[in-house]
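In case you want the letters, here they are:
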Amino acid sequence: MEFLSSVDIQDIKQLLFTDSLVSFSDEDHAVGELSITTDIVSRIGQPCILVNANSHGIVGSVPCGTSVTAHLKPNLETLEQIYHEYVELENHSFDKKTVITRRNAKYIVKCTTIKGSDIQKKEHIMSEEDMQGFISEGANILLQRLLVRKGLQEPTSFKSLDSECKLCIVMYIPLSKEERIFAGKEVQVVGIERRILSQDGSTSIWQAFFTTEGCLVQLNQEGSPVKMKLIHRTCAEKKLKTKCNWKEDLQFCSLYLDKKDELILNHLYYVRQHPELHSILKDFLQNLFIKKPENVLDFAQKYFSSFKILEESQVKSSPFTSDNKGILV
């Protein structure tokens, strides 16, 4: 608690950068990606930190992923968090959403779990006193960056939520420093092991490795077939340079071209999967050249709005819609 109370907005400003890792299988095949963004925003007239983390991929032909959106105070106190995880199995999908909301001096934790056709809902109300020292998933991202920059010397304990949405102990254990090669460069990394000690006696273990500035370069979960690694260097690794001419930076330029090629391939794939696009665009251009409107944007808006009207009429006439609201059941 003393450590958390010592954290101020100046400490947080050093932690606001983007992490981007690629997920690899045991066979060293890329199967997904992890993206983390942080920023200072205004919430109810007060500055707070917004943390977004998304991890998605396909492991063994099964789509899966997790996402975290959290609003935090500068001392890493959680104001609100939405944590979502899913696994899209063919005959038995799994979807779990946990929402933490602070209201006055209480915290409300709502958990909805969907396993196939089975839906389970849980709700816990916890006092402010019970939640002292609580580190949510969103706060964990900033906390680990902070521990790396300040230097974690010995095991440190906080509070967290286990898989049953119950309060439990989470430990942060320093690992030895070592030299590793990431993105073609040898860097000194600092490791932190995170252990969530559930009330049922089980333990979940993650090992994260960072540069000395706090940039995440590798993340492993014990028992998981997936490992996440840094592929490209980020602005954070360049000590958060605010003025950066990427066109003159070979590595940034290469990153831009790689992303550009990836987007082009994704767009071309989408077009190939939807041949009806050619017919729609052909009809639109034909109408455009015949009528030759003065305002092309207005003409395009009216032309394509007809598709929305057609879709709405089909929804309203569907037997699976509610008569009074027109919302799919």
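Rules and cut-offs
Residues numbered from 1 in each chain as written. Predicted model: local features only at pLDDT ≥ 70, side-chain atom pairs only at ≥ 80, totals over all residues. Heavy atoms only, no water. Helix = DSSP H or I, 4+ residues; strand = E, 2+ residues; numbered from the N terminus. Buried < 20%, exposed > 50% of the residue type's maximum accessible area, 1.4 Å probe, protein only. Contact = heavy atoms within 4.5 Å. Areas by Shrake-Rupley, 256 points an atom, 1.4 Å probe, with all protein chains shown as cover. Pairing = 2+ DSSP bridges. Salt bridge = Lys/Arg side-chain N within 4 Å of Asp/Glu carboxyl O. Phe/Tyr/Trp six-rings, centres within 6.5 Å; stacked < 30°, edge-to-face > 60°. Expected span 1.5 Å × (residues − 1). Patch = residues over 30% accessible without salt bridge, like charges linked within 9 Å, V, L, I, M, F, W, Y side chains within 5 Å.

S.K.: Account for the overall build of the protein chain, naming residues and giving values.
M.R.: When helices and strands are counted, the protein chain shows six helices and 15 strands. Per-residue burial for the protein chain yields a buried fraction of 33% across its 329 residues. In the protein chain, the proportion of contacts linking residues at least 24 apart, taken out of those at least 6 apart, comes to 40%. About 20,700 Å² of surface is accessible on the protein chain, with carbon and sulfur atoms providing 53% of the total.

S.K.: Provide a residue-level description of unusual backbone geometry, including the pertinent values.
M.R.: Its identity as a non-glycine residue notwithstanding, asparagine 104 has a phi of 55°, on the positive side. Looking at the secondary structure, you find asparagine 104 in the loop between strand S6 (94-103) and strand S7 (106-115). One non-glycine residue, lysine 292, adopts positive backbone phi at about 45°. With respect to the helices and strands, the residue lysine 292 is situated in the loop between helix H5 (276-291) and helix H6 (296-317).

S.K.: I'd like to hear about the pairing of strand S14 (residues 216-221), residue by residue, with values.
M.R.: Where strand S13 (residues 203-211) lies against S14, five bridges are found, and the strand directions are antiparallel. Opposite phenylalanine 210, over in S14, you have leucine 216 as the bridge partner. The antiparallel hairpin formed by S13 and S14 contains four residues in its connecting segment, where glycine 214 sits at a positive phi of about 105°. Where S14 lies against strand S15 (residues 227-230), three bridges are found, and the strand directions are antiparallel. When the sheet's bridge partners are listed, glutamine 218 is paired in S15 with lysine 229. In this antiparallel pair of consecutive strands, S14 and S15, the connection spans five residues, and glycine 223 shows a positive phi of 90°.

S.K.: Break down the pattern of salt bridges for me, with residues and values.
M.R.: Using the criterion set out here, one finds nine salt bridges in the structure. A salt bridge links glutamate 128 to arginine 102, with the nearest nitrogen and oxygen atoms 2.5 Å apart. In this pair, glutamate 128 sits in the loop between strand S8 (118-127) and helix H3 (137-150) while arginine 102 sits in strand S6, placing the two residues 26 residues apart along the sequence. One salt bridge in this structure joins glutamate 137 and arginine 194, with 3.0 Å as the shortest N-O distance. With glutamate 137 in helix H3 and arginine 194 in strand S12 (residues 185-197), this residue pair connects regions lying 57 residues apart in the sequence. Residue glutamate 137 is classed as partly exposed on the basis of its relative accessible area of 22%. With relative accessibility at 4%, the residue arginine 194 sits in the buried group. Where salt bridges share partners, they join Lys73, Glu77, Arg102 and Glu128 into one cluster.

S.K.: Which residues make up the packing of aromatic side chains, and what are the values?
M.R.: Enumeration according to the criterion identifies five aromatic pairs in this entry. With a centroid separation of 5.8 Å and an interplanar angle of 80°, the aromatic rings of phenylalanine 158 and tyrosine 172 are classed as edge-to-face. Separated by 14 residues along the polypeptide, phenylalanine 158 in strand S9 (residues 156-161) and tyrosine 172 in strand S10 (residues 167-174) bring together distant segments of the chain. Neither residue differs from the other here; phenylalanine 158 and tyrosine 172 are each classed as buried. Ring centres of phenylalanine 284 and phenylalanine 304 lie 5.1 Å apart, and the angle between their planes is 40°; on these two criteria the pair is classed as tilted.

S.K.: Requested: an account of H3, with residues and values cited.
M.R.: In this model H3 runs 20 Å from its N-terminal to its C-terminal C-alpha over 14 residues, within 8% of the 20 Å that 1.5 Å per residue would give. Most of H3 sits out of view: 11 of its 14 residues are buried. Taken residue by residue, H3 has Gly138, Ala139, Asn140, Ile141, Leu142, Leu143, Gln144, Arg145, Leu146, Leu147 and Val148 as its buried positions. Just beyond H3, the residue with positive phi is glycine 151, at close to 90°.

S.K.: Could you give me a rundown of a nonpolar patch on the surface, with the residues and numbers involved?
M.R.: Residues Ile264, Leu265 and Leu268 make up a contiguous nonpolar surface patch of about 280 Å² in total accessible area. Within the fold, leucine 265 resides in helix H4 (residues 250-273).

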